[in-house]
Amino acid sequence: MKTKFKEIQNSLIQLFKNKVFILVIILIAADLLLGAYSRALISRLPEQAEAQRWSDGRKMTQVSAFFTEDQLIDSDYIKKLEYILQAKMNDVGIIKEDDEGSGNAGPVIIDTQTLDETNGDSEDASQEEVDDSRLYASCFSAQGIISITFENKMADKVTAIGTEGDFFFFHPLELVSGSYYSPDALMKDGIVIDEDLAWQLFGSNDVVGQMVMIGDVPHYVSGVVKREEGKMRKASGQNASIAYISYDSLCKYGTILSGRTESAEIAEDGTTASKGGINCYEVVMPGPVDGIVAQIVKESAAIDDAYISVIDNTERFSFFALLNVIMSYGTRSMWNKAIFFPYWENLARGYEDILATLLLIRLICRTIVVVIIVLFIIRSYRNKKWTVRGIFNDLMEKKYDYEVKRAQKKL
């Protein structure tokens with residue numbers, strides 16, 4: 001009777017071991033699959049990956065700054081910000097290499113120090129000319145609405161993104177036809193529209209070069225971009241047609257919604273245009289120390305924290321950043337800054353929540369696996385039929401046998 005009971009007990013223990021082993025395999029597989037899915041989700045956000053695209057062996061960092069709606073942020077303010085930004089880059093050791101040195105022009109990093117170690121006034125820094133396009137890339141944008149007409153068709157209250165600088169460098173929208181308008185063009189009359197707007201106005205998406213009217217001023221269609229679909233995209237602000245135009249055109253012929261504006265006279269005949277409304281500034285530059293670029297941008301903006309939000313795009317989906325999202329569950333939705341986030345930032349914030357949830361599930365899977373392994377080790381140790389001395393003696397015997405065999409071979 002005791003023997004039969006022992007057999008049943010051993011069978012149950014073996015079955016339990018098998019099920020636990022299967023559970024461990026399932027949990028590890030779930031962790032790996034969720035990790036792959038998380039990476040796939042991140043790849044859907046090219047607006048957050050400019051540092052990786054631009055990196056050529058150096059450590060690059062992408063940072064975005066968003067301003068509250070009560071701030072009057074215009075192009076003159078951005079110029080001042082970048083003037084201070086360049087000075088601070090020199091302060092911390094990010095400089096332009098002398099062409100007469102190794103012959104390789106471009107930014108290099110030397111004896112980098114933290115910002116806390118630089119006590120001099122930024123405006124007193126060296127005014128040496130730098131090649132901005134090689135040292136860093138930047139852009140700014142404002143959001144609003146415009147009316148576009150083509151012949152007898154009109155698209156009213158179209159969502160418009162007014163851009164300046166390397167906007168399409170940071171936002172590589174998928175082109176269906178044509179190309180992006182150049183930020184260096186003398187005439188700011190280029191426009192990029194999405195497929196939906198192209199079909200609405202022209203009945204086709206092959207409309208490059210066509211002239212449209214924005215505020216009775218002709219603009220030419222430089223390119224047509226793919227309309228991104230999906231629940232997250234629509235919720236982020238891509239639920240309607242979008243046109244990308246120069247910031248100058250949005251100020252003159254549209255209505256800016258993203259920030260505070262003032263009316264400014266631009267011609268002797270009394271013609272006026274809006275001034276301000278910029279709510280997003282983006283920059284990518286060498287970042288030798290974690291967090292240093294975000295700190296440089298924040299200090300260059302010279303605005304109280306209550307009126308600006310600076311985000312390190314390069315690190316926002318890292319393990320510790322997502323862990324911070326998990327730890328701020330509940331309070332994260334309590335946003336106390338009046339910021340008109342553009343659709344790409346709304347999208348990134350939404351994906352942060354999803355990725356944080358996936359990370360939490362992965363951490364639970366890993367915790368269960370670790371607990372099972374620890375319990376297995378403890379149980380094995382308690383039921384061990386071996387001793388440390390016995391293992392040591394076995395090893396010494398094997399070593400002795402090995403040395404004897406080796407000596408015999410030599411003889």
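By convention here, each chain's residues receive numbers from 1 onward along its written sequence. Where totals are concerned, whole chains, interfaces and linings use all residues; where local detail is concerned, this predicted model gives features only for residues with pLDDT of at least 70, and gives and counts side-chain atom pairs only at 80 or more. Computation of side-chain values: all heavy atoms of the structure, hydrogens and water removed.

1. Section: the packing of aromatic side chains
For step 1, the next point in the chain: In summary, the pairing rule links any two rings of Phe, Tyr or Trp, Trp by its six-membered ring, whose centres are within 6.5 Å, and it sorts them by plane angle into stacked for under 30 degrees, edge-to-face for over 60 and tilted for everything else. This structure, assessed with the given rule, holds 15 aromatic pairs.
For step 2, the next point in the chain: On the basis of an interplanar angle of 80 degrees and a centroid distance of 5.3 Å, the ring pair of phenylalanine 66 and phenylalanine 341 is categorised as edge-to-face. With phenylalanine 66 in strand β1 (residues 60-67) and phenylalanine 341 in the loop between α10 (319-327) and α11 (343-382), this pair connects stretches of sequence that are 275 residues apart. Residue phenylalanine 66 shares its accessibility class with phenylalanine 341, and that shared class is buried.
For step 3, the next point in the chain: Each ring, one from phenylalanine 150 and one from phenylalanine 202, has its centre 4.4 Å from the other, and the planes form 55 degrees; the classification is tilted. Separated by 52 residues along the polypeptide, phenylalanine 150 in strand β4 (residues 137-150) and phenylalanine 202 in helix α6 (residues 195-202) bring together distant segments of the chain.
For step 4, the next point in the chain: Each residue gets one of three labels from its accessible area relative to the maximum for its type: buried under 20%, exposed over 50%, partly exposed in between, using a 1.4 Å probe on protein chains only. Given a relative accessible area of 14%, phenylalanine 150 falls into the buried group. Strands here are runs of E lasting at least two residues and helices are runs of H or I lasting at least four, both read from the DSSP assignment and numbered beginning at the N terminus.

2. Re the packing of helix α3 (residues 75-91) against helix α9 (residues 292-301)
For step 1, the next point in the chain: Packing of α3 against α9 brings their axes to within 8 Å, and their N-to-C directions diverge by 130 degrees. Taken together, the axes of α3 and α9 lie oblique to each other. The hand of the α3/α9 crossing is right-handed. Every residue of α9 that contacts α3 at Tyr77, Leu81, Ile84, Leu85 and Lys88 is listed here: Ile296, Val297, Glu299, Ser300 and Ala301. Between N-to-C directions, angles cover 0 to 180 degrees, with each direction set by a line fitted to C-alpha atoms, over the stretch in contact for helices. Orientation is classified from the angle alone, with under 35 degrees giving roughly parallel, over 145 giving roughly antiparallel, 65 to 115 giving roughly perpendicular, and any other angle giving oblique. By definition, any crossing whose near helix is turned counterclockwise from its far helix by less than a right angle is left-handed, and any crossing with a clockwise turn is right-handed. Only heavy atoms matter for contacts: two residues are in contact if any of them lie within 4.5 Å across the pair.

3. Regarding the pattern of salt bridges
For step 1, the next point in the chain: Throughout this description, the term salt bridge denotes a Lys or Arg side-chain nitrogen within 4 Å of a carboxyl oxygen of Asp or Glu. Inspection of every chain in the model, using the stated rule, returns 15 salt bridges.
For step 2, the next point in the chain: One salt bridge connects arginine 362 with aspartate 31, and the closest N-O pair in it is separated by 2.7 Å. Of this pair, arginine 362 sits in helix α11 while aspartate 31 sits in helix α1 (residues 2-42), and the two are 331 residues apart along the sequence. One exposure class covers both arginine 362 and aspartate 31, and it is buried.
For step 3, the next point in the chain: With a shortest N-O distance of 3.2 Å, arginine 316 and glutamate 352 are connected by a salt bridge. Taken together, the positions of arginine 316 in the loop between β15 (308-312) and α10 and glutamate 352 in helix α11 put the pair 36 residues apart, joining distant regions of the chain. An identical accessibility class is assigned to arginine 316 and glutamate 352; each is buried.
For step 4, the next point in the chain: Linked by salt bridges that have partners in common, Arg316, Arg332, Glu345, Glu352 and Asp353 make up one network.

4. Quick word on unusual backbone geometry
For step 1, the next point in the chain: Backbone geometry at glutamate 151 places phi at a positive 55 degrees, although glycine is not the residue there.
For step 2, the next point in the chain: If you trace the backbone, glutamate 151 turns up in the loop between β4 and β5 (153-165).
For step 3, the next point in the chain: Notably, aspartate 216 is not glycine yet its phi reads approximately 65 degrees, a positive angle.
For step 4, the next point in the chain: Following the sequence through the fold, aspartate 216 ends up in the loop between β8 (211-214) and β9 (217-225).
For step 5, the next point in the chain: Taking the relative accessible area as the measure of exposure, aspartate 216 reaches 70% and is therefore exposed.

5. Observations regarding the confidence of the model for the protein chain
For step 1, the next point in the chain: Here the protein chain averages 83 in pLDDT, and 84% of its residues register 70 or above.
For step 2, the next point in the chain: Below pLDDT 50 for its whole length, residues 97-133 participates in 55 contacts with residues either more than four positions away or in separate chains. On a scale of 0 to 100, pLDDT captures the predictor's confidence in every residue.

6. Observations concerning α9
For step 1, the next point in the chain: Of all 10 residues in α9, seven are buried, a share of seventy percent or more.
For step 2, the next point in the chain: When we look at burial in α9, the residues that qualify are Ile292, Val293, Ala294, Ile296, Val297, Ser300 and Ala301.
For step 3, the next point in the chain: Here the buried face of α9 lies against β1, α3, β14 (280-286) and β15.
For step 4, the next point in the chain: Just downstream of α9 lies alanine 302, where phi reads positive at about 55 degrees.

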